[in-house]
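Spelled out, the chains give:
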Amino acid sequence: MSSSPSSPSSSVIEARKALAARLVGLRKDAGLTGDELSARCGWHPAKTSRIQSGKSVPSEDDLRAWCTACAAVDQVPDLIAAARAVDSMYTEWRRMERAGLRAAQESVAALYRRTGHFRVYASRVLPGMVQTPEYTTAVLRSIQRARVEVDDVADAVEARLERQRMLFSGRHRFGLLIEEWVLRAAVCDPETMAAQLGHLLAVSSSPFVSVGVIPTGPDRPHLPVEDFYMFDEAEVAVELTSGYLRITQPREIADYVRTFTDLASIAVHGAGARQLITAAIATLG
């Protein structure tokens, strides 16, 4: 049975280690021990140890203090930019959704516009670009009830619909892989789900869209993994329970390309996919 992609957090870990290595280099170039640097910065040596090991990302004030202690103030702007890049790789949902759900929808609009080929694997809910307004409302309402104080679900749904209108202009291609159980489990009522599956059938006939359904059953050779969205081969977005992860390292993107190919090999497409979608609609009465 094939393994899933490398740990979703490995990009973040490697980026943190790269930043930490630069800071260690500055300290050594200045001829300082960890304790001496800690004393100059006015903090406990344990903090220096955590930063140097990559276990924690230094704040911008920490970077300024570190560079000042090492007589390397000219390095501050570049190090701050590197730290911000590390920070942007992983965003907790509660941070992204602090002001509501619409902001999270709008934050990826530019990325969607510049992507030519989307590849999506869905193991929990149907891909956002093929959701009906009613299905999206049910999904976002469930999220809002669970973790977001601000209720802007209606605005968030409209933001997603605006993105959908842009996406189906004929300038983009879509490869969608959906686990069969996603067709049968939803947070919406049966009528909404039936309409959603009917919409998926209609979308699957588009020359720009390939829909594959991975049948539920024993002896599958490839494990299910976390939901992910591939934007060309430039970036992968992974939706975790706690947050949103951006994968940009070519090596890790290649892992997701390979995983998508493996999962596509056990999916049914065309008439086979439509048959499974139709069967799921039939169970809704």
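Residues numbered from 1 in each chain as written. Predicted model: local features only at pLDDT ≥ 70, side-chain atom pairs only at ≥ 80, totals over all residues. Heavy atoms only, no water.

Formed by 38 residues in total, the largest nonpolar core has its most connected members in Tyr112, Leu126, Met129, Leu176, Ile178, Leu183 and Leu200. Every residue in contact with Leu126, bar those within four places of it in the chain, is listed here: Gln131, Tyr135, Ile178, Val182, Leu183, Gln196, Leu197 and Leu200. (Core = buried A, V, L, I, M, F, W, Y, C linked by side-chain atoms within 4.5 Å. Buried < 20%, exposed > 50% of the residue type's maximum accessible area, 1.4 Å probe, protein only. Contact = heavy atoms within 4.5 Å.)

What follows deals with the sheet that holds strand E6 (residues 235-239). If you walk across this open sheet you meet the eight strands as E1-E7-E6-E5-E2-E3-E4-E8, and the pairing is mixed. Here the strands that pair on one side only, and so sit at the sheet edges, are strand E1 (90-92) and strand E8 (268-269). (Pairing = 2+ DSSP bridges. Helix = DSSP H or I, 4+ residues; strand = E, 2+ residues; numbered from the N terminus.)

This part takes up the pattern of salt bridges. Counted according to the given criterion, the structure contains 16 salt bridges. In this structure, Arg102 and Glu106 form a salt bridge, with 2.6 Å as the shortest nitrogen-oxygen distance. Taken as a pair, Arg102 and Glu106 lie in helix H7 (residues 102-106) at a separation of four residues, close to a single helical turn. Among the salt bridges present, the one from Arg102 reaches Glu162, with a minimum N-O distance of 4.0 Å. Here the residue Arg102 occupies a position in helix H7, and Glu162 occupies one in helix H10 (residues 153-167), the gap between them amounting to 60 residues. For Glu162, a relative accessible area of 40% puts it in the partly exposed group. Overlapping salt bridges bring together Glu60, Asp61 and Arg64 as one network. (Salt bridge = Lys/Arg side-chain N within 4 Å of Asp/Glu carboxyl O.)

All right, on to the environment of Ile51 then. When you line up the elements, Ile51 lands in helix H3 (residues 45-53). Taking the relative accessible area as the measure of exposure, Ile51 reaches 2% and is therefore buried. Taking the C-alpha atoms as reference points, Ile51 and Ser142, 91 residues apart in sequence, are found 38 Å from one another. Among residues more than four places away in sequence, those in contact with Ile51 are Ala20, Leu23, Trp43, Ser56, Pro58 and Trp66.

What follows deals with the state of the cysteines. The final tally for this structure, using the stated rule, is zero disulfides. Unpaired in terms of disulfides, Cys67 finds its nearest cysteine sulfur in Cys70, a separation of 6.9 Å. Looking at Cys67, the relative accessible area reads 0%, which means it is buried. (Disulfide = S-S within 2.5 Å.)

Turning to the pairing of E6, a few remarks are in order. Burial of E6 is extensive: four of the five residues sit out of reach of the surface. Relative to E6, strand E5 (residues 228-231) runs antiparallel, the two being bridged by four bridges. Residue pairing in the sheet places Tyr229 in a bridge with Ala237 of E6. What sits between E5 and E6 in their antiparallel hairpin is a turn of three residues, with Asp232 showing a positive phi close to 50°. Alignment of E6 against strand E7 (residues 243-247), held across four bridges, turns out to be antiparallel. Bridge pairing links Ala237 to Arg246 in E7. Between E6 and E7, which pair antiparallel in sequence order, lie three residues.

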